[in-house]
Amino acid sequence: MMQQRTARGAPSSHPLPLLPPLPSPLPPLLHLLPAALTLAAPPQVLKVIGKKMTRKALAMIKALADAEKKDDEDEDGEKEEEKDEDDESKAVEGEEEEESKYTKFWKAFGKYIKMGLIEDAANRTRLAKLLRYATSKSGDKEISLEEYVANMKEDQKNIYYISGEDKASLLKSPSCEKLLAKDIEIIFMTDSVDEYTVQHLTEFEGKRLINASREGLKLEEGDKDKKREEQYKEMFKPLLDFTKEYLGKKVEKVQISKHLVNSPVVVLSADYGWTAQMEKVMKSQAFADQSKFEFMKSKRMFEINPRHPLIIELNNRIKENVDDSQVKDQVMSLYLAGVVSAGYSLTPEDAQDFAERVKNLVTVSLGVEPDAALAPELEVAEEEEEEEEEEEAEEEEDAAGEKDEV
């Protein structure tokens, strides 16, 4: 009877084969039949089963995430209704709440979701909806890409993000100044796997993902903005040409910045190649191929802020005297400072040069001559040494006398 069941229940060309109903009670060993059929199933059937199971699991996780979002909306509504309650109720509302189920899930398995987004192209859109990131407007919470898109301004066409060590340092990055000034929300990616994730997730719901630490913010510009930029290029042409010639191969371009508001300069990555954070990630690999670093390193873009008084003064000095050695030192100092603030690692030569420049800056600020001689070494009087030797001898004699008495 078991052989007949096996023949009748064997999988056919149907994508999801089902066994006919079995009589009760089951014959001996018949509970092992599903495992045997699984082993005998053709590969395409197993693929279909795998896809169905993956879709079902993702749907369950998405339902968990949607439940969290619904709970947040309900809490916001309750807070608005209870806004006029007494101080005691407000104090209770202000207490820390327990983490939601999806928040706990994300903290435990968030990296695996990101890795799945890299490897599973078929479910990339579904996985992208499960991602959670901190932003410049989210406070202590992490939001989804769907929430980011819903909060976008009407004239905003792209999703902006920046990757780095932590949120606090990224908020102070010169690359974010223009976006923050325009009240555009920025996603902060602080996980090492994020750099790999965004290489495969280039857009979400028709919105391109733009890295704020690369050249070109892709912001909407009017005719006035374009004319203003052309005028700045013509006005600061002496400084732009001088800086490019002096820095040489250290930079690919020197141009007027679209990122800066308050800082004088910024160093950015080109559209292709590694960012500063990606360089750190690759260098930290135990079996990294050092020969690929020079090939994959991004060309650096040096941008200046035409409104900054320091840049205006440098441009005026170059117009007066191109061969001013002091101006060259100041340009190099600004470049090295920009490299450090952008998160890049200095080469050994640049690191030594930067340290020397900082030392000279401190020297001048203290009013010490750069070539001041060292102070003479302290001399220890010989009498003190003799007194110490005599004291040691007396202590030894006293110790010997005590032994004799004993």
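Given the structure is predicted, the values throughout are model-derived calculations rather than measurements.

Visitor: Help me out: how do you make sense of a nonpolar patch on the surface in this one?
Guide: The grouping of Val358, Val362, Leu366 and Val368 at the surface amounts to a nonpolar patch, some 340 Å² of accessible area in total. Looking at the secondary structure, you find Val358 in helix H17 (residues 348–365). Assessed through its relative accessible area of 38%, Val358 is described here as partly exposed.

Visitor: Any chance you could explain the pattern of salt bridges here in plain terms?
Guide: Should their charged atoms come close, side chains of opposite charge can pair. In the structure shown here, the tally under the stated rule is 19 salt bridges. A network of salt bridges, in which partner residues are shared, links Glu221, Glu229, Glu230, Lys233 and Lys258.

Visitor: I keep staring at the nonpolar core and nothing clicks. Help me out?
Guide: Nonpolar side chains in soluble globular proteins tend to be buried together. Counting residues in each nonpolar core, the largest one holds 37 residues, and the members touching the most others are Leu131, Tyr148, Ile159 and Ile187. Every element with two or more residues in this core is listed here: helix H3 (43–81), helix H5 (101–119), helix H6 (124–128), helix H7 (145–151), strand S2 (158–163), strand S3 (186–189) and strand S5 (207–211).

Visitor: How do you make sense of the sheet that holds strand S7 (residues 265–269) when you look at a structure like this?
Guide: The strands that make up a sheet are held in pairs by hydrogen bonds between backbone atoms, and each pair lies either parallel or antiparallel. Taken together, the three strands give an open sheet; going across it, the order is S6-S8-S7, and neighbouring strands pair in mixed fashion. At either end of the open sheet lies a strand with only one pairing partner, and these are strand S6 (253–256) and S7. Pairs of neighbouring strands in the sheet enclose a mean axial angle of 30 degrees, with direction left out of account. Pairing of S6 with strand S8 (residues 300–304) involves four bridges; the strand directions are parallel.

Visitor: Is there a simple way to think about empty space enclosed by the protein in this case?
Guide: Empty space among the atoms becomes visible once a probe the size of a water molecule is rolled across them. Evaluated as defined, the whole model comprises two cavities of 30 Å³ or more. Counted as a void, the largest cavity has a volume near 40 Å³. Considering the residues around the largest cavity, the lining is formed by Leu239, Thr243, Val265, Phe302, Ile304, Ile311, Leu314, Val331 and Leu334. Those elements that place two or more of their residues in the lining of the largest cavity are helix H12 (237–247), S8, helix H15 (309–320) and helix H16 (325–342). Looking at the lining of the largest cavity, its residues break down into eight nonpolar, one polar and no charged.

Visitor: What exactly am I supposed to notice about the sheet that holds S5 here?
Guide: Ordered in space as S1-S3-S2-S5-S4, the five strands form an open sheet in which the pairing is mixed. Every interior strand has two partners, whereas the edge strands, strand S1 (134–135) and strand S4 (203–204), have only one. Here S4 pairs with S5 via two bridges, running antiparallel. Residue pairing across strands places Phe204 opposite Lys207, the latter belonging to S5.

Visitor: Would you take a moment to explain a positive patch on the surface for this structure?
Guide: On the surface, a cluster of positive charge is made up of Lys47, Lys51, Lys52, Arg55 and Arg126. Among the elements that take part in the positive patch, H3 stands out by supplying four residues, more than any other.

Visitor: Just checking my understanding: could you explain the packing of aromatic side chains for this structure?
Guide: Tallied over the full model, the rule gives six aromatic pairs. Ring plane angle 40 degrees and centroid distance 5.3 Å describe the contact between Phe105 and Phe109, whose orientation is recorded as tilted. You can see Phe105 and its partner Phe109 sitting in helix H5, four residues apart, about one turn around the helix. A centroid spacing of 6.3 Å and a plane angle of 50 degrees characterise the contact between Phe109 and Tyr112, whose relative ring orientation is tilted. With Phe109 and Tyr112 both in helix H5 and three residues apart, this pair spans about one turn of that helix. Residue Phe109 is classed as partly exposed on the basis of its relative accessible area, which comes to 41%.

Visitor: Even after reading the chapter, I still don't get H16, so can you show me in this structure?
Guide: Residues spaced three or four apart along an α-helix point in a common direction, a consequence of the helix completing one turn every 3.6 residues. Helix length check: H16 (18 residues) gives 26 Å between terminal C-alpha atoms against 26 Å at 1.5 Å per residue, within 8%. Those residues of H16 not exposed but buried are Val327, Val331, Met332, Leu334, Tyr335, Leu336, Gly338 and Val339. Residue Gly343 follows H16 closely and has a positive phi angle near 95 degrees.

Visitor: Would you mind going over the packing of H12 against H16 with me for this structure?
Guide: How two helices sit against one another is set out by the angle between their axes and by the gap between those axes. As a packed pair, H12 and H16 sit with axes 11 Å apart at the nearest point and diverge in direction by 75 degrees. As judged from the angle between their axes, H12 and H16 are roughly perpendicular. For the pair H12 and H16, the contacting residues are Phe242, Thr243, Tyr246 and Leu247 in the first and Val327, Lys328, Val331, Met332 and Tyr335 in the second. Looking at the contact of H12 with H16, its residues break down into seven nonpolar, one polar and one charged.

Visitor: Looking at this structure, how should I read the pairing of S7?
Guide: Consecutive side chains of a regular strand alternate in pointing toward one face of the sheet and then the other. Counting buried residues in S7 gives five out of five residues, a clear majority hidden from the surface. By the alternation rule, side chains of S7 split into Val265, Val267 and Ser269 and Val266 and Leu268, which are all buried. Pairing of S7 with S8, which is carried by five bridges, proceeds in the antiparallel orientation. By the bridge assignment for S8, Val267 is matched with Phe302.

Visitor: What am I meant to see in a negative patch on the surface here?
Guide: A surface patch of like charges, here negative, comprises Glu389, Glu390, Glu391, Glu392, Glu394, Glu395, Glu396, Glu397 and Asp398. Within the secondary structure, Glu390 sits in helix H18 (residues 382–405).

Visitor: Just to check I follow, could you spell out the pairing of S5 for this structure?
Guide: Pairing analysis gives four bridges linking S2 to S5, with the strands arranged parallel. Within the sheet, the bridge partner assigned to Tyr160 lies in S5 and is Ile210. Remark: two residues form the turn of the hairpin made by S4 and S5, two consecutive strands paired antiparallel; Glu205 in that turn has positive phi of roughly 55 degrees.

Analysis parameters
Residues numbered from 1 in each chain as written. Predicted model: local features only at pLDDT ≥ 70, side-chain atom pairs only at ≥ 80, totals over all residues. Heavy atoms only, no water. Patch = residues over 30% accessible without salt bridge, like charges linked within 9 Å, V, L, I, M, F, W, Y side chains within 5 Å. Areas by Shrake-Rupley, 256 points an atom, 1.4 Å probe, with all protein chains shown as cover. Salt bridge = Lys/Arg side-chain N within 4 Å of Asp/Glu carboxyl O. Helix = DSSP H or I, 4+ residues; strand = E, 2+ residues; numbered from the N terminus. Buried < 20%, exposed > 50% of the residue type's maximum accessible area, 1.4 Å probe, protein only. Core = buried A, V, L, I, M, F, W, Y, C linked by side-chain atoms within 4.5 Å. Pairing = 2+ DSSP bridges. Axes fitted to C-alpha atoms, helices over the stretch in contact; angles between N-to-C directions. 1 Å grid on protein atoms, 1.4 Å probe; cavity = no way out; pocket = protein on both sides within 12 Å on 5 of 7 lines; lining within 4 Å. Points joined across faces, edges and corners; volume = space filled by probe spheres on them. Nonpolar A, V, L, I, M, F, W, Y, C, P; charged D, E, K, R; others polar. Lys, Arg positive; Asp, Glu negative; His and termini not counted. Charge placed at Lys NZ, Arg CZ, Asp CG, Glu CD. Phe/Tyr/Trp six-rings, centres within 6.5 Å; stacked < 30°, edge-to-face > 60°. Expected span 1.5 Å × (residues − 1). Parallel < 35°, antiparallel > 145°, perpendicular 65-115°, else oblique. Contact = heavy atoms within 4.5 Å.

Any functional reading would require information beyond the geometric quantities listed.
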